[in-house]
Amino acid sequence: FGCRKVTVVYVLGGPGAGKGTQCAKIAEEFDFCHLSAGDLLRAEQNREGSQYGVLIRTHIQEGTIVPMEVTVKLLEIAMSAEIEKRTSVNWSDGKGRFLIDGFPRKMDQAKKFDETVCIPSLAIHYTTSEEVMLQRLVERGKTSGREDDNIESIKKRFRTHKEQCMPVVDRYSELGKVLEIDSSGSVDDVYKLTREAIMKLLS
Ligand code: UP5
Ligand code: MG
């Protein structure tokens, strides 16, 4: 990525805070490629012949962070594929935009990505209470088929979020990159705030 100038927005927040939901809406309205680290890991877990299947499943069920080599590689492959595909975009002027959802969530990943890809233009941090997140995830668990949408895994995901992901948010806060958005309201209310932030970034 050395020579390419891409615009990257990180979308962070606890499990069930609404990252994926808001990213889908942003990508629908604005020209962003939405990449969810969790979705990429789940796809890799299910890919036939993957050497990482068992490793990924174990980490996801335990709510722990998959070693960064795996996730960074999947993200780089997905970003490169998008760059190849979108020949109409000039990838050297910063108008090629990525929303990176649920990453980085551990300090080593953040440092690595800052060095090899870029410093994000913005990191949106969705915040709400654990009660709200728990209720959303338990509800989603009835139909999602996600192996981590059960109370036991959810509690572990909360712990990892506090211990490992929050320091990453603090790192970008110190760089003045973080915008906190309260995601307790309805999807549309949260999107109103999100949309304003994206418009401001792009203006
Ligand atoms: N919902 C959303 N917004 C709502 C609102 N405003 N009002 C009412 N309901 C709302 O939303 C969750 C549910 O809530 C949905 O049913 C939605 O309709 C509803 P969603 O938008 O999916 O929330 P999101 O924040 O994306 O929650 P998600 O469960 O995806 O968050 P996680 O961060 O836990 O999951 P992720 O897929 O990112 O990661 C899973 C695991 O992968 C991690 O625990 C970890 O083990 C691993 N991982 C890594 O190891 N490394 C990485 O870099 C990334 C992941
Ligand atoms: Mg998600």
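What you are looking at is a predicted structure, and each value in this text was computed from that prediction instead of being measured. (Residues numbered from 1 in each chain as written. Chains lettered and ligands numbered in written order. Predicted model: local features only at pLDDT ≥ 70, side-chain atom pairs only at ≥ 80, totals over all residues.)

Here we look at the overall build of the chain
Counting its secondary structure elements, the chain contains eight helices and five strands. Order of helices (α) and strands (β) in the chain, N terminus to C terminus: β-α-β-α-α-α-β-α-β-α-α-β-α. In terms of overall dimensions, the chain has a C-alpha envelope of 45 × 40 × 30 Å along the principal axes. Within the span of the chain, comprising 203 residues, buried residues form 34% of the whole. Considering only contacts in the chain between residues 6 or more positions apart, those separated by 24 or more positions represent 80%. (Helix = DSSP H or I, 4+ residues; strand = E, 2+ residues; numbered from the N terminus. Buried ≥ 20, exposed ≤ 12 C-beta atoms within 10 Å, placed from the backbone. Contact = placed C-beta atoms within 7 Å.)

Some points on the nonpolar core
Y10, V11, L75, F98, L99 and I100 are the most contacted members of the largest nonpolar core, which has 40 residues in total. With six residues, strand β1 (residues 6-13) is the largest single contributor of residues to this core. (Core = buried A, V, L, I, M, F, W, Y, C linked by C-beta atoms within 7 Å.)

Considering the environment of G20
If you trace the backbone, G20 turns up in helix α1 (residues 19-29). Spatially, the C-alpha atom of G20 lies 9.6 Å from that of D39, the residues being 19 residues apart in sequence. Each residue touching G20, except ones within four places of it in the same chain, is listed here: S36 and D101.

Focus: the environment of L175
Relative to the helices and strands, L175 is located in the loop between α7 (151-174) and β5 (178-182). Note on L175: 11 C-beta atoms within 10 Å, which makes it exposed.

Side note on the UniProt feature "binding site: ATP" (unreviewed entry) in the chain
This chain's UniProt record puts "binding site: ATP" (unreviewed entry) on G16, A17, G18, K19, G20, T21, R140 and G185. Topologically, K19 is positioned in helix α1. For K19, a count of 25 C-beta atoms within 10 Å corresponds to the buried category. Counting through the fold element by element, G185 comes out in the loop between β5 and α8 (187-202). Given 15 C-beta atoms within 10 Å, G185 falls into the partly exposed group. (UniProt positions renumbered as here; feature names shortened; annotations may be inferred.)

A look at the sheet that holds β5
Strand order in the open sheet formed by five strands is β2-β3-β1-β4-β5, and the pairing between neighbours is parallel. Sheet topology places β2 (33-36) and β5 at the edges, where each strand pairs with a single neighbour. Across this sheet, the average inter-strand angle for adjacent strands is 20°, counted without regard to direction. Note that strand β4 (residues 122-127) and β5 share five bridges and pair parallel. Within β5, the position partnered with Y126 by the bridge is I181. Sheet strands in contact with α1 are β1, β2, β3 (96-101) and β4, and its direction is about 165° off that of β3. Helix α4 (residues 68-85) contacts β2 and β3 of the sheet and is inclined by roughly 160° relative to β2. (Pairing = 2+ DSSP bridges. Axes fitted to C-alpha atoms, helices over the stretch in contact; angles between N-to-C directions.)

With respect to the UniProt feature "binding site: a ribonucleoside 5'-phosphate" (unreviewed entry) in the chain
In the numbering used here, UniProt assigns the "binding site: a ribonucleoside 5'-phosphate" (unreviewed entry) feature to R42, T64, I65, V66, G102, F103, P104, R105, Q109, R146 and R157. These annotated residues cover 116 residues of sequence, and their C-alpha atoms sit far apart, with the largest distance between any two at 23.8 Å. Overall, P104 belongs to the buried group, with 28 C-beta atoms counted inside 10 Å. Of note, R105 is situated in the loop between β3 and α5 (107-116).

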